[in-house]
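Descriptive analysis of the structure
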Amino acid sequence: MENKILDVIDMSVEGDGIARENELVYFIDGAVEGEKVEAELTKQKDNLIWGKLVKVIEPTFRRAEPPCPYFEKCGGCKIMHLNKETQALFKMLSLKRTIKKVTNLDVDIRDTVQSPKDTRYRNSIQLKVEKTADNDYNIGFYEMRTHNLVNIDDCLVCDEKNAVLISILKEYLKNTQEKIESVFASFFDNSLSILVQTEDGNCDKKLYDALKPHFDEVSLWVSKQFASSTLLNYKDAKFLVGSERIKVHFDNLTIEVSPLDFVQVNLDMAKILYDDIVKLVGTNKVVLDLFSGIGITSLMLAKNDNYVCSIEQIHNSVDSAKKLAQDNNLQDKIIQYCGDCADILPALEFSEAEKENLIAFLDPPRKGAGKPLIEALKLLAPKTIIYMSCNPTTLAKDVRDLLDTYEISSMQAYDMFPQTNNIESLTVLTIKEE
Ligand SMILES: C[S@@+](CC[C@H](N)C(=O)[O-])C[C@H]1O[C@@H](n2cnc3c(N)ncnc32)[C@H](O)[C@@H]1O
């Protein structure tokens, strides 16, 4: 397809610049609202055309110089070319647009809460590994919408130690030719928790020997399953060598985690969000902490004089949460259930007095809470529901299914994932008066 000069008048929720001409809508990767650009058109479907930026002809103040050398190819940081204020605005408007599309409501969304750090904020990274024709190894991320690997030496949004890991892995693989296909690594203080995915579900312990001199503690796990964003898929993951769990220090708490446990990737931002949740809940409540993970929110809520009932599916995480409650002497104020929220919640019983003070807090994975859980929540009818979401589309669907019983009191985006088009948000829903 040909190149075309376009005036960019809007941004899509994916972060592409949008232009319109003669009934045609253009989505241009790398273009920013307010710019005139030259774009290379790559794909057309009906009246929709996709393309990528070739040249900015008239720039906008909203553009920033991406600090990462891999930005143009790597599919990780889609909006690194927007300045910080525009990223925040983009997230607020994308959230608003997604809610409008699904619920038809025009919600007033508060300004995005910005992350304390724009780079080096991630404590974890998921890397793909590929052998090259000359028996070397490429390690990195896929290009946007392809399976072409972009070979990197350092990911700028992740802890600096990721560069150390990548360099050791490249050297190790070159020497051993071991069949590692992907790696999920977390960096906490100077410790490393690492799950490698291999063809046969085995991994040589020599990898541990290569890594250990560079970290205080290393926890090496192996899995045959394909690495995916949902850790529940690592059904066959097994601990291999080192410390089975490593310590995460968060807000005066020490939590022991394995690669199977979910930990918020940007803990500085998570702290701001968790504090807001604690403030919203207040004191002397009975709080349902649904999708409670390693139990940080349960603990913070219990510390603030609430009684907490938490549900989490991963056994490891429930064990960590129980230990956390015990270490902080709050085991009498938190009850933990291990299982699927949609199965456990309908079976829970509360007295009338407890129901009067009941608040539900939920933080589901990207696929959202889903209808059975939303129906169970409506039956239980807590006065307030606080919904933390990492996916505006599934949030919007769950909110739509609550709107016969609840109304939206507030909604706000939190920039948990700077430079990317991912949007974290907090929504407060209040039960409608009869
Ligand atoms: C987004 S994380 C939130 C964790 C926690 N709120 C935090 O901030 O650390 C979602 C959690 O839900 C768990 N999970 C996923 N599906 C679940 C289900 N159907 N029932 C219970 N827990 C589930 C995951 O294991 C994960 O720990």
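Anyway, here's the lowdown on the structure attached to this text. (Residues numbered from 1 in each chain as written. Predicted model: local features only at pLDDT ≥ 70, side-chain atom pairs only at ≥ 80, totals over all residues. Heavy atoms only, no water.)

1. Points about the overall build of the protein
Summing up its helical and strand segments, the protein has ten helices and 23 strands in all. The C-alpha radius of gyration computed for the protein amounts to 23 Å, which stays within 12% of the reference 22 Å derived for 434 residues, consistent with globular compactness. Judged by the C-alpha coordinates and their principal axes, the protein covers about 70 × 60 × 35 Å. Taken across its 434 residues, the protein has 53% of its residues classed as buried. Expressed as a percentage of contacts within the protein between residues at least 6 apart in sequence, the contacts between residues at least 24 apart total 62%. (Helix = DSSP H or I, 4+ residues; strand = E, 2+ residues; numbered from the N terminus. Rg over C-alpha atoms; globule rule 2.2 N^0.38 Å. Buried < 20%, exposed > 50% of the residue type's maximum accessible area, 1.4 Å probe, protein only. Contact = heavy atoms within 4.5 Å.)

2. Looking at the site of the ligand
The local shell around the ligand holds 16 residues, among which Gln-264, Tyr-274, Glu-312, Cys-341 and Asp-363 are the closest. Contacts to the ligand include Cys-341, whose backbone N or O atom sits 3.0 Å from a nitrogen atom. Here the ligand loses 93% of its free accessible area of 590 Å² to cover by the protein chains. Of the residues contributing to the shell around the ligand, the split by class is eight nonpolar, five polar and three charged. (Near = heavy atom within 4 Å. Polar contact = N/O pair within 3.5 Å; in protein donor to acceptor, adjacent residues only side chain to side chain. Areas by Shrake-Rupley, 256 points an atom, 1.4 Å probe, with all protein chains shown as cover. Nonpolar A, V, L, I, M, F, W, Y, C, P; charged D, E, K, R; others polar.)

3. Some points on the nonpolar core
Most often, soluble globular proteins keep nonpolar side chains buried together rather than apart. Leu-165, Val-183, Leu-192, Ile-194, Val-196 and Leu-207 are the most contacted members of the largest nonpolar core, which totals 79 residues. Per-element accounting of this core gives the leading share, eight residues, to helix 4 (residues 267–281). Built from parts of two domains, this core gets at least three residues from each of domain 2 (96–116 + 266–431) and domain 3 (124–257). In contact with Val-196, not counting residues within four places along its chain, are Ile-180, Ser-182, Val-183, Cys-203, Leu-207, Leu-220, Trp-221, Val-222 and Ser-223. Counting 36 residues, the second-largest nonpolar core is a separate cluster that includes Val-286, Leu-362, Ile-374 and Ala-376. (Core = buried A, V, L, I, M, F, W, Y, C linked by side-chain atoms within 4.5 Å. Domains from an automatic or database assignment.)

4. Some words on the environment of Ser-182
For Ser-182, the position within the fold is in strand 11 (residues 180–188). Using a relative accessible area of 1% as the deciding quantity, one classes Ser-182 as buried. Expressed as a C-alpha distance, the spacing of Ser-182 and Gly-140, which sit 42 residues apart in the sequence, is 9.3 Å. Reaching out from Ser-182, the side chain makes a polar contact with the side chain of Gln-197 at a distance of 2.8 Å.

5. Some points on the layout of surface pockets
Taken as a whole, the second largest pocket spans an internal volume of roughly 810 Å³. If you trace the second largest pocket, you find 28 residues lining it, with Asp-29, Lys-52, Leu-53, Glu-72 and Met-144 closest to the centre. Contributions of two or more residues to the lining of the second largest pocket are made by strand 4 (24–29), strand 5 (36–45) and strand 6 (48–58). Across the lining of the second largest pocket, the residue classes break down as eleven nonpolar, six polar and eleven charged. When residues are assigned to domains, the lining of the second largest pocket turns out to be shared by domain 1 (1–62) and domain 3 (124–257), each giving three or more. (1 Å grid on protein atoms, 1.4 Å probe; cavity = no way out; pocket = protein on both sides within 12 Å on 5 of 7 lines; lining within 4 Å. Points joined across faces, edges and corners; volume = space filled by probe spheres on them.)

6. Re the pairing of strand 17 (residues 286–290)
Counted residue by residue, strand 17 has five buried out of five residues, so it is predominantly covered. Going residue by residue along strand 17, you find Val-286, Leu-288 and Leu-290 tucked away on one face and Val-287 and Asp-289 tucked away on the opposite face as well. As paired elements, strand 17 and strand 18 (residues 307–312) share five bridges and run parallel to each other. In the strand pairing of strand 18, Leu-290 is matched with Ile-311. Between strand 17 and its parallel partner strand 18, the chain crosses via helix 5 (residues 296–303), and the hand of that crossover is right-handed. In the sheet, strand 17 pairs with strand 20 (residues 358–362) via five bridges, with the strands oriented parallel. The residue of strand 20 that forms the bridge with Leu-290 is Leu-362. (Pairing = 2+ DSSP bridges. Right-handed = clockwise from strand over helix to strand, strands pointing away.)

7. Topic: the pattern of salt bridges
Oppositely charged side chains are able to pair whenever their charged atoms sit close together. On inspection of all chains with the given rule, the structure shows 23 salt bridges. Of the charged contacts, one joins Asp-327 and Lys-323 as a salt bridge, the two residues approaching to 3.0 Å between their closest N and O atoms. Here the residue Asp-327 and the residue Lys-323 both occupy positions in helix 6 (residues 315–327), the gap between them amounting to four residues, near one helical turn. On the basis of relative accessibility, which here comes to 48%, the residue Asp-327 falls in the partly exposed class. (Salt bridge = Lys/Arg side-chain N within 4 Å of Asp/Glu carboxyl O.)

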